[in-house]
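The chain contents come next:
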Amino acid sequence: MKRPRYFTPAEVASHFTSGDLWVSFLGKVCDLTPLMKQHSGDVLLLPIMECAGKDISSWFDPKTRDILRFVDPVTCCERYYTPRGRFVHTPPSGPRSDWNTDLGQPWWKDRRYEVGLLSAKTRWIRVVNTLTSQEQLLEVCSEETLEEILQRYLHHNAHANSYTWKYHGVVLDMQKTLSDNGVMDDDLELEQLRMDRDLFVPAILLYFNDDLTEG
């Protein structure tokens with residue numbers, strides 16, 4: 001089974017336009033760009049556009065994984081709770097002749113929009129190229145393996161596969177996460193001690209191999 005791809009909140013936030021719109025909710029990351037194109041010009045897109053690039057978990061009931069509901073005190077009918085206004089695939093408050101009830105799968109349940117998972121905890125590492133002395137600060141997902149982190153680093157060094165990755169002199173297992181490799185996340189402890197986390201970012205050292213391979 002293929003591993004899901006993890007994203008940082010910053011990565012989700014970079015997709016904030018109507019032509020490239022992502023949101024996250026209940027741990028999922030969804031690309032709603034196709035939805036925006038399908039319903040182009042519809043005012044029901046406005047609440048979604050207002051939250052482009054953001055986490056909208058507050059819209060949902062974590063147990064049912066559906067939009068929050070409430071009982072309307074006037075009609076005594078159950079309705080979706082949409083404080084920002086009604087949006088695509090949510091029914092109107094009352095009967096309407098122009099409401100198409102044959103919607104199919106609502107976008108928040110349609111897995112075609114899912115592109116990955118939102119990291120529960122991101123962390124920073126310093127990747128130091130011992131050959132060139134170049135250093136890169138990377139925000140990564142705690143759930144990612146070193147191999148997946150390497151894919152991020154390829155943007156900065158196309159030959160990253162030609163290096164051996166080490167931490168405190170120990171070769172890292174690229175199929176394991178940072179924590180599984182002993183690169184612990186001390187953010188919480190540093191925060192409790194009121195110490196600057198930026199001063200204690202772990203450094204991963206890259207040692208060049210003789211056989212230069214393409215990235």
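See the structure printed just above.
Criteria and thresholds
- Residues numbered from 1 in each chain as written.
- Predicted model: local features only at pLDDT ≥ 70, side-chain atom pairs only at ≥ 80, totals over all residues.
- Heavy atoms only, no water.
- Helix = DSSP H or I, 4+ residues; strand = E, 2+ residues; numbered from the N terminus.
- Rg over C-alpha atoms; globule rule 2.2 N^0.38 Å.
- Buried < 20%, exposed > 50% of the residue type's maximum accessible area, 1.4 Å probe, protein only.
- Contact = heavy atoms within 4.5 Å.
- Areas by Shrake-Rupley, 256 points an atom, 1.4 Å probe, with all protein chains shown as cover.
- Phe/Tyr/Trp six-rings, centres within 6.5 Å; stacked < 30°, edge-to-face > 60°.
- Pairing = 2+ DSSP bridges.
- Salt bridge = Lys/Arg side-chain N within 4 Å of Asp/Glu carboxyl O.
- Core = buried A, V, L, I, M, F, W, Y, C linked by side-chain atoms within 4.5 Å.
- Polar contact = N/O pair within 3.5 Å; in protein donor to acceptor, adjacent residues only side chain to side chain.

K.L.:
Explain the overall build of the protein residue by residue, including any values.
P.N.:
When you go through the protein residue by residue, the secondary structure sums to 5 helices and 14 strands. Here the protein has a C-alpha radius of gyration of 22 Å; the compact-globule value for 215 residues is 17 Å, and the former is much larger. Counting only C-alpha atoms and orienting by the principal axes, one finds that the protein spans roughly 70 × 45 × 30 Å. Looking at the protein as a whole, 38% of its 215 residues qualify as buried. Relative to all contacts within the protein whose residues are 6 or more apart in sequence, the contacts with residues 24 or more apart total 59%. With the model as given, the accessible surface of the protein reaches about 13200 Å², and the carbon-plus-sulfur share is 51%.

K.L.:
Before we move on, can you summarise the packing of aromatic side chains with the specific residues and values?
P.N.:
Counted according to the given criterion, the structure contains 11 aromatic pairs. Summarising the aromatic geometry, the rings of F25 and W107 are spaced 6.0 Å apart at their centres and angled 85° between planes, so their arrangement reads as edge-to-face. In this pair, F25 sits in strand β3 (residues 20-25) while W107 sits in the loop between β8 (78-80) and β9 (114-118), placing the two residues 82 residues apart along the sequence. For W107, a relative accessible area of 0% gives the class buried. Between W59 and F87, the ring centres sit 4.8 Å apart and the planes meet at 20°, which makes this aromatic pair stacked. Note that W59 is positioned in the loop between α3 (46-50) and β5 (60-61) and F87 in the loop between β8 and β9, a separation of 28 residues in sequence. On the basis of relative accessibility, which here comes to 2%, the residue F87 falls in the buried class. Through a chain of ring-to-ring contacts, the aromatic side chains of F25, W59, F60, Y80, F87, W107 and W108 assemble into a single cluster.

K.L.:
Give me the sheet that holds strand β1 (residues 6-7): which residues, what numbers.
P.N.:
Read from one edge to the other, the open sheet built from 5 strands follows the order β1-β9-β4-β3-β2, with strand pairing classed as mixed. The strands lining the two open edges of the sheet, one partner per strand, are β1 and β2 (16-17).

K.L.:
Go over the pattern of salt bridges, please, and point to the residues and values.
P.N.:
Summed over the entire model, instances satisfying the criterion amount to 13 salt bridges. A salt bridge links R152 to E11, with the shortest nitrogen-to-oxygen separation between them at 2.9 Å. Of this pair, R152 sits in helix α4 (residues 146-153) while E11 sits in helix α1 (residues 9-13), placing them 141 residues apart in sequence. Relative accessible area serves as the criterion here: at 18%, R152 is assigned to the buried category. Measuring nitrogen to oxygen at the nearest pair gives 2.6 Å for the salt bridge that ties R112 to D110.

K.L.:
Talk me through the nonpolar core; I want residue IDs and the actual numbers.
P.N.:
Residues F25, L32, I48, F60 and W107 are the most contacted members of the largest nonpolar core, which totals 23 residues. Looking at which element gives the most residues to this core, the answer is β3, with 3 residues. In this structure, L32 is in contact with L21, V23, I48, W107 and Y113, ignoring residues within four places of it in sequence. Counting residues in hydrophobic clusters, the runner-up holds 19 residues, among them I125, L146, L150 and I204.

K.L.:
Any details on the environment of E50? Residues and values, ideally.
P.N.:
Of note, E50 is situated in helix α3. Given the relative accessible area of 45%, E50 is considered partly exposed. Expressed as a C-alpha distance, the spacing of E50 and L178, which sit 128 residues apart in the sequence, is 35 Å. Polar side-chain contacts of E50 include one of 3.2 Å to the side chain of R84.

K.L.:
So what's going on with the side chain of S119? Which residues, and what values?
P.N.:
Within the secondary structure, S119 is located in the loop between β9 and β10 (122-129). A distance of 2.9 Å separates the side chain of S119 from the backbone oxygen of K121, its partner in a polar contact. Excluding residues within four positions of it along the chain, S119 makes contact with Y6, F7, C141, S142 and E143.

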